[in-house]
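Residue-level structure breakdown
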There are 4 protein chains.
Amino acid sequence: MSNQTVKKVALAYSGGLDTSVILKWLQETYGCEVVTFTADIGQGEELEPARTKAQALGIKEIYIDDLKEEFVRDFVFPMFRANAIYEGEYLLGTSIARPLIAKRLIEITKETGADAIAHGATGKGNDQVRFELGAYALRPDIKIIAPWREWDLNSREKLLAYAERHAIPIEMKRGKASPYSMDANLLHISYEGGILEDPWAEPEGDMWRWSTSPEAAPDTPTYVELTYERGDIVAIDGERLTPAQILAKLNRLGGANGVGRLDIVENRYVGMKSRGCYETPGGTIMLRAHRAIESLTLDREVAHLKDELMPRYASLIYNGYWWSPERLMLQEMIDASQTTVNGEVRVKLYKGNVTVVGRKSDSNSLFDMSIATFEDDRGAYNQKDAEGFIKLNALRMRIAAKKGLKFV
Amino acid sequence: MSNQTVKKVALAYSGGLDTSVILKWLQETYGCEVVTFTADIGQGEELEPARTKAQALGIKEIYIDDLKEEFVRDFVFPMFRANAIYEGEYLLGTSIARPLIAKRLIEITKETGADAIAHGATGKGNDQVRFELGAYALRPDIKIIAPWREWDLNSREKLLAYAERHAIPIEMKRGKASPYSMDANLLHISYEGGILEDPWAEPEGDMWRWSTSPEAAPDTPTYVELTYERGDIVAIDGERLTPAQILAKLNRLGGANGVGRLDIVENRYVGMKSRGCYETPGGTIMLRAHRAIESLTLDREVAHLKDELMPRYASLIYNGYWWSPERLMLQEMIDASQTTVNGEVRVKLYKGNVTVVGRKSDSNSLFDMSIATFEDDRGAYNQKDAEGFIKLNALRMRIAAKKGLKFV
Amino acid sequence: MSNQTVKKVALAYSGGLDTSVILKWLQETYGCEVVTFTADIGQGEELEPARTKAQALGIKEIYIDDLKEEFVRDFVFPMFRANAIYEGEYLLGTSIARPLIAKRLIEITKETGADAIAHGATGKGNDQVRFELGAYALRPDIKIIAPWREWDLNSREKLLAYAERHAIPIEMKRGKASPYSMDANLLHISYEGGILEDPWAEPEGDMWRWSTSPEAAPDTPTYVELTYERGDIVAIDGERLTPAQILAKLNRLGGANGVGRLDIVENRYVGMKSRGCYETPGGTIMLRAHRAIESLTLDREVAHLKDELMPRYASLIYNGYWWSPERLMLQEMIDASQTTVNGEVRVKLYKGNVTVVGRKSDSNSLFDMSIATFEDDRGAYNQKDAEGFIKLNALRMRIAAKKGLKFV
Amino acid sequence: MSNQTVKKVALAYSGGLDTSVILKWLQETYGCEVVTFTADIGQGEELEPARTKAQALGIKEIYIDDLKEEFVRDFVFPMFRANAIYEGEYLLGTSIARPLIAKRLIEITKETGADAIAHGATGKGNDQVRFELGAYALRPDIKIIAPWREWDLNSREKLLAYAERHAIPIEMKRGKASPYSMDANLLHISYEGGILEDPWAEPEGDMWRWSTSPEAAPDTPTYVELTYERGDIVAIDGERLTPAQILAKLNRLGGANGVGRLDIVENRYVGMKSRGCYETPGGTIMLRAHRAIESLTLDREVAHLKDELMPRYASLIYNGYWWSPERLMLQEMIDASQTTVNGEVRVKLYKGNVTVVGRKSDSNSLFDMSIATFEDDRGAYNQKDAEGFIKLNALRMRIAAKKGLKFV
């Protein structure tokens, strides 16, 4: 994207060192006005310092938005309706925040008359793709500046030297510098890099920031009751809460009980494998509980269809296609399936375990005790029906076997 | 199947009350000779009493076979290569044993000149389907007798009365009678019925038989190192073992650490929902560890294709289609994918948790630290390539957005 | 279903010999009142004779309904939005009519206080399944009588003897008796049985009833222009028509040009293969034309997702699951995708061929000539982007190849 | 790829104007040695002129290979086992030739010590992707030069001027210059560009080169009998032929009868829609006939699984992933399914129509007339079995309906 003319750029700005350097670099390289956008999506950091820093760098238009409710209501909850997991393990904590940032950045370009956006994601990762696919889908003529793909500040030393040269304060965000590359929002916190680059190495215990270790968690379990309406949690232990409040509370409950740590090797969209560690306490509870309420209220074939499409839906989110027509199309189907997903789930949290111990739905349970019972069912189910069921299901295989056909 | 003429029937015989009553009932109702077949598939019970009982009931041809190695090698291991889970939770412990029983029953009919088989599964469950689809696929002209679908002994009282009338010993298998319907093999033990028929009720602690509860498990973790060859575990902590030995050892290790308890509502093939509890200590470890070694050694798209087909493969096994051509066809593909699945996985077991803490593969790792690194990669990856990658992936969405098209 | 008590039964009544015998047999066997229901779904037969016959057999409540518009609008059109084809060939002409009959039969049971339905489909075919699954889904307590599965009139001779015994007129519907089992509605006419039972035998030329043979069709082509709105045809050659009028007109145009004959072996849901011949002139045109308008107006990934789900959607309809929640769920997604499917398609009909020769969409075309052109595109597309696109898509394969890994 | 140092490059060389200009441009721009590779894959052109031209341009190492048999045996036939069609219409004629060219180019780099390849595909199309993904998969360190993405000869005029400047002969290949961009091999010939860039315009009759128009085709049909072994055609009308001979003969038969013309708008992998016309006479026959022999010899669920995976398999080929592990994995499954696909198919060719009029398989037919018959089946099939089959399949919907649950 170099060589392009840019008048005003909206920058996704955290207030940290990297994006502060980017801010300065944009001013220098493109000679353009910069608008900063800092979002509170539950990463748990003070945002006002970002304002101060931006002002110090001469920024006139500074956006600092609390997007926590929108994030959980319009992004996290719809995704959990699908029971989305990437590659059998990953709850998509980073992936699901990016399309919201992209959307708000594009809105800001329209509000401020900017013709470009910029972000601090590197050229090796998934986040650049998520930001940019979203931006292009929402404003096809947008110009995009990804400094990490353009500049020559491709080492820590050069970055620090640049900061020093331009009097950008190099404070460390959380006490001493973390050896990990981290990302946090209300759904999760992630760790990459450092010793994690060796997939055989176990993460050090002090890496984890949100959750107690299972070993240090309480010796008595915590029971929680979740109320579902149309596939979303609307109350915890009977108390109605907003979406963001629900996720925050589940994070506290899960984190305190050692729930939600994950250590995986994943396949990036750009073609390489990488190792990541994640803490997703609330999300881990939500996934198990949602499956439990669905197990009672969803038709079998609907549930199976969802399960077969889930990996693709999860890949779409992982790869940055939240704003694509195919994701929207799948969402229509998923949301339609949630009409009957109402009821309560009771989970037990104990030293890293999330155990479903009960599920009920007064209005929508498809569990029919009168049929399923091992006791006398008074004719609710005619066992003789099973013979014909089996015989016709076997017919094609019997015909083949009679002819002595061997497959494969 | 009533009204048919049967000369000799091979009965899947456990030696327990139900199949003893069936044995007698077959002799009485069909006036035919009965061959008994009792398999050791790791259910953990003495089998010689079954011989004594069968002899007491006048049986001449008694088969008692140790099938543990065949069970794990030819059924459990191939299934785990697919990471099979039914409905997001169930590890298919009962489902995977039935096709082996069906196969051996049919072999026995051929060895003994029997023209029919009989089993003790009810007309409400999945097991009748699994037995019978297997039998029909392997011997299409076989006659099948399912007494529970035919007789009028449809309550506990009538069964006991029948037993008493025919001097069939009514001993309780494990001390006092369990209130649950159970099934066990080397992969798992299952519980249904009793208070579990209320999906809101938490199972009582003393129901579980194989595993220590997480609460009572040791306070220090156990680390285990698993060696994979072509997708199967061949050694534990460096010691090469047979398939059955491996599963038995993982059951001990997992069970001692509170691993593998599950409590779900599932959708039966015959159309109803039922509640089941399962203990699968070794299988729970195997699933996580297999995913971990695949995460390092499997191509991304191969892994995703496997993930998308897995729910269907799992349903085939759950529904009894192990011997179907479509399962065989999927297995060809799954097995072909495992050529490179070689290496080691290190897992930590602690109070119910199975955590993967390391994975490596000297010969087959696709994890390329020189590319994935956050440090200087010396040109192994050109970050500028990402721009074109993103732009062409965005092109269709940009064209649509330029025309102002809204989807959905 | 024998042995059940029935008070009043709603019978799907064609007025032909078979269902007239059934009518009488129901009265005799169940001693119950019978309501007849005869639907005009475009089969092209006089329905008033059915009334006369029913009256002659003493029927008081006689329903004769014109369902042609509902049939095309609510069943045929939604199905064509999905480009549904069963097993690569069959346009589902019979399958799609059955759920409508089931729905209306159940409505009639409610209007008349009937507690049962009856139909004339045999126990070997798919239609029994389609009628009954629909009926059970819409009224779960309905009793169903399928005389062909119950009675002993299992040959033509016995049926005729029964008819004679009860003075049921044995007129042949279309001049001499057809050697084929046929079914017709506005979408198609089907032929089974007779010499078709040998899949090596070519059908005789005089079997076909709706279409001219390609050989006898006009020597000059017919051009037709179809207007689409949200995936449905709303006008032919600029003339707005109702759904049933559209299908009728396309049948005439296609039939006159030898379009829509099909000869296949298909897999029935009950487990056997059968051979069927079909004439679907209008449907054959609709399928090609719908794909053509979608090729211009549908996003690539949406189109591909539809294609991947289509076989399953088609199987659901073939197998009788129109009223199932999974079909409804898929339909939500399919319908959502059709928002942009607006425009015109021009097709050429000539001696059996349907050729798309033009497609356009003023408001919704995603075809961008300025980008696709082989001529100078003035920078609309940067060819250099392709290098990065290819390199990142190749990355995972390059990493594997560098390590010398061979798959499969 | 500019700025790289190249020692010797293997060029995919047709002998036409474009690749002759490229040859010269490579010598000039990279100052490197050039090896030319010209393949006979059935495009129907003399190849010796390519040798003469290459020699005139100073080339020392000239490869001219007849790859027709390899092309059909190892690429076309495996693809047709899958019934592959892209986007419901396109038979992948261009797509399937590219991986073979890529493979042979890479072999030649190894034989000649070349470190780079070059091709004449533009930066807008699919072919660049297919060449390059194949090359990278087979030799990950290969350098790739795609002149159309690099040079400034981006119009016809500049190209001609360059040719004139360097004394490259500008003869027109087939009499006067075609207004279309064409590609041909033994499977098909394609047309793009020119008036086709307007998707509403009907192609002119004289565009088509391989096939007679349906209008001009003979007034009497041609019948052909095809013999299949393991899914491949091995004989035509009883005469055993090699794969290339079979395809050539079917092209003649089909082309003479107006078979195989196609006119579509397709979605390119690089993100744009384009319009293409294709002639695939033999392939069109092969697709219909293969489905017909499978309809008799393939298990229903195997056939359905193949149908559901086919669109993805076709996309892999279209997008250039022939040499990917996921294509190889799918191929394993597809090939495994073809064991029983043996027998004969009889097709009728008439003025553009391919009609299957018979299919048989002495050893592998799963069509069981004794069961399927409309006549008395002597108990081969018990119609009463259907009742239980339907009732259990309906059970989940009945339970839902009893509770008054509405889905969607």
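Residues numbered from 1 in each chain as written. Chains lettered and ligands numbered in written order. Predicted model: local features only at pLDDT ≥ 70, side-chain atom pairs only at ≥ 80, totals over all residues. Heavy atoms only, no water.

Note the threshold: UniProt positions are given in the numbering used here, feature names are shortened, and annotations may be inferred rather than shown by experiment.
Per an unreviewed UniProt entry, the recorded name for chain A is Argininosuccinate synthase, and the organism is Methylocaldum marinum. Taken from UniProt, the Catalytic activity (unreviewed entry) comment for chain A reads in full: "L-citrulline + L-aspartate + ATP = 2-(N(omega)-L-arginino)succinate + AMP + diphosphate + H(+)". The Subcellular location (unreviewed entry) field of the UniProt record for chain A holds the comment "Cytoplasm".

Observations concerning the overall build of chain A
Applied cut-off: Only DSSP runs of H or I covering at least 4 residues are called helices, and only runs of E covering at least 2 are called strands; the numbering of each starts at the N terminus. Each residue is placed in one exposure class: buried if its accessible area under a 1.4 Å probe, protein chains only, is under 20% of its type's maximum, exposed if it is over 50%, and partly exposed if it falls in between. Here the open area of atoms and residues is found with the Shrake-Rupley method and a 1.4 Å probe, where only the protein chains shown may cover a residue. The charge count includes Lys and Arg as positive and Asp and Glu as negative, but it does not include His or the ends of the chains. Taken as the charge centre is NZ of Lys, CZ of Arg, CG of Asp or CD of Glu, depending on the residue.
The helix and strand inventory of chain A stands at 13 helices and 14 strands. Expressed as lengths along the three principal axes of its C-alpha atoms, the size of chain A is roughly 85 × 55 × 45 Å. For chain A, buried positions account for 68% of its 408 residues. Taken as a whole, chain A presents about 13700 Å² of accessible surface, with 48% of it coming from carbon and sulfur. Counting 52 positive and 59 negative side-chain charges, chain A places the centres of these two groups 4 Å from one another.

Some thoughts on the environment of D:Lys403
Worth spelling out the cut-off: By the criterion applied in these results, polar contacts are pairs of N or O atoms within 3.5 Å in which, for protein atoms, one can donate a hydrogen and the other can accept it, and in which residues neighboring in sequence qualify only through two side-chain atoms.
Relative to the elements of secondary structure, D:Lys403 occurs in the segment after helix H13 (385-402). Considering only alpha carbons, one finds D:Lys403 and D:Ala102, 301 residues apart in sequence, at a separation of 61 Å. Polar contacts involving the side chain of D:Lys403 include one to the main-chain carbonyl oxygen of A:Phe367, which spans 3.4 Å.

Concerning the packing of helix H3 (residues 68-81) of chain A against helix H4 (residues 98-112) of chain A
All names here are of chain A. The following threshold applies: To get an axis, fit a line to the C-alpha atoms, keeping to the stretch in contact for a helix; angles then go from 0 to 180 degrees between the N-to-C directions. Handedness of each helix crossing follows the sense of rotation of the near helix against the far helix: counterclockwise by less than a right angle gives left-handed, clockwise gives right-handed. The contact rule is simple, with two residues in contact once any of their heavy atoms fall within 4.5 Å. By the convention adopted, Pro, Cys, Tyr, Trp, Phe, Met, Ile, Leu, Val and Ala count as nonpolar, Lys, Arg, Asp and Glu as charged, and the other residues, Gly among them, as polar.
Where H3 meets H4, the axes come as close as 10 Å, and the angle between the chain directions of the two elements is 115 degrees. Here H3 runs over H4; the crossing is right-handed. The segment H3 lies against H4, with Glu70, Phe71 and Phe75 engaging Pro99, Leu100 and Lys103. A breakdown of the residues in the contact of H3 with H4 according to their chemical character gives four nonpolar, no polar and two charged.

Quick notes on the interface of chain B and chain A
Definition in use: Accessible surface is computed with a 1.4 Å probe, and the buried area is the amount of it that two parts give up when combined, taken over both parts together. Any carboxyl oxygen of Asp or Glu within 4 Å of a side-chain nitrogen of Lys or Arg constitutes a salt bridge here.
In this assembly, 105 residues from chain B lie in contact with 105 residues from chain A. Summing both partners gives a buried area of about 9800 Å² for chain B against chain A, and 57% of it is carried by carbon and sulfur. Across the contact surface, chain B and chain A share 12 salt bridges. Between B:Arg359 and A:Asp263 there is a salt bridge, with the nearest N and O atoms lying 3.1 Å from each other. Sort the elements by how many residues they give to the side of chain B that touches chain A and helix H13 (residues 385-402) of chain B lands first, with 12 residues. For the side of chain B that touches chain A, the per-class residue count stands at 47 nonpolar, 19 polar and 39 charged.

Quick notes on the UniProt feature "binding site: L-aspartate" (unreviewed entry) in chain A
Following the UniProt record, one finds the feature "binding site: L-aspartate" (unreviewed entry) at A:Thr122, A:Asn126 and A:Asp127. Every residue in contact with A:Thr122, bar those within four places of it in the chain, is listed here: A:Gln128, A:Trp148 and B:Gln383. Polar contacts involving the side chain of A:Thr122 include one to the main-chain amide nitrogen of A:Lys124, which spans 3.1 Å. The buried category is assigned to A:Asp127, whose relative accessible area is 17%. Not counting chain neighbours up to four residues away, the residues in contact with A:Asp127 comprise A:Thr94, A:Arg98 and A:Ala121.

Topic: the relation of the copies chain C and chain A
For the record, the criterion: Least squares is used to superpose the copies, and the fit set is the C-alpha atoms of residues whose pLDDT is at least 70 in both copies.
Expressed as a screw operation, the relation of chain C to chain A combines 0.0 Å of axial shift with a rotation of 180 degrees, fitting to an RMSD of 0.0 Å. The transformation just described matches what one would write down for a two-fold rotation axis. Among all residues of chain C, the one whose C-alpha sits closest to the rotation axis is C:Met333, at a distance of 2.6 Å. When you check the interface residues of chain C against chain A, 100% turn up at the interface there too, and the contact is symmetric in its surfaces.

Notes on the pattern of salt bridges
Scanning the entire structure with this criterion turns up 145 salt bridges over all chains. In this structure, B:Arg104 engages B:Asp65 in a salt bridge whose closest nitrogen and oxygen atoms are separated by 2.6 Å. Taken together, the positions of B:Arg104 in helix H4 (residues 98-112) and B:Asp65 in strand S3 (residues 62-66) put the pair 39 residues apart, joining distant regions of the chain. With a relative accessible area of 12%, B:Arg104 lands in the buried category. Owing to a relative accessible area of 15%, B:Asp65 belongs among the buried residues under this scheme. Connected through salt bridges with shared partners, the residues A:Asp65, A:Glu70, A:Lys103, A:Arg104, A:Glu107 and A:Glu111 form a single ionic network.

A short note on the nonpolar core
Test applied: Within this scheme, the nonpolar core is defined by two criteria: the residues are buried Ala, Val, Leu, Ile, Met, Phe, Trp, Tyr or Cys, and they are joined through side-chain atoms within 4.5 Å.
Within the largest apolar cluster, 392 residues are counted, with the highest numbers of intra-cluster contacts made by A:Phe71, B:Phe71, C:Phe71 and D:Phe71. Not counting residues within four places of it along the chain, the set of residues in contact with A:Phe71 comprises A:Ile41, A:Val76, A:Ile96, A:Ala97, A:Leu100, A:Asn185, A:Leu186 and A:Leu187.

Focus on the packing of aromatic side chains
Describing an aromatic ring pair means giving the distance of the ring centres and the angle of the ring planes. How we decide: Working definition: a ring pair exists when centres of Phe, Tyr or Trp rings (six-membered ring for Trp) sit within 6.5 Å. Plane angles under 30 degrees give stacked, over 60 give edge-to-face, the rest tilted. Throughout this description, the term charge over a ring refers to an Arg CZ or Lys NZ atom that lies within 6 Å of the ring centre and within 35 degrees of the ring normal.
A complete count under the given rule lists 50 aromatic pairs over all chains for this structure. Centre to centre, the rings of A:Trp25 and A:Tyr30 are 6.0 Å apart; their planes meet at 70 degrees, and the pair counts as edge-to-face. Centroid distance C:Tyr269 to C:Tyr321: 5.9 Å. Interplanar angle 75 degrees. Geometry classified as edge-to-face. One end of the pair, C:Tyr269, is in the loop between strand S11 (261-267) and strand S12 (273-279); the other, C:Tyr321, is in the loop between helix H10 (300-319) and helix H11 (325-337), and 52 residues separate them in sequence. One exposure class covers both C:Tyr269 and C:Tyr321, and it is buried. Put simply, the rings of A:Tyr269, A:Tyr321, B:Phe389, C:Phe389, D:Tyr269 and D:Tyr321 touch in pairs and so form one group of aromatic residues. Here C:Arg130 stacks its cationic end above the ring of C:Tyr318, 4.8 Å away from the centre of that ring.

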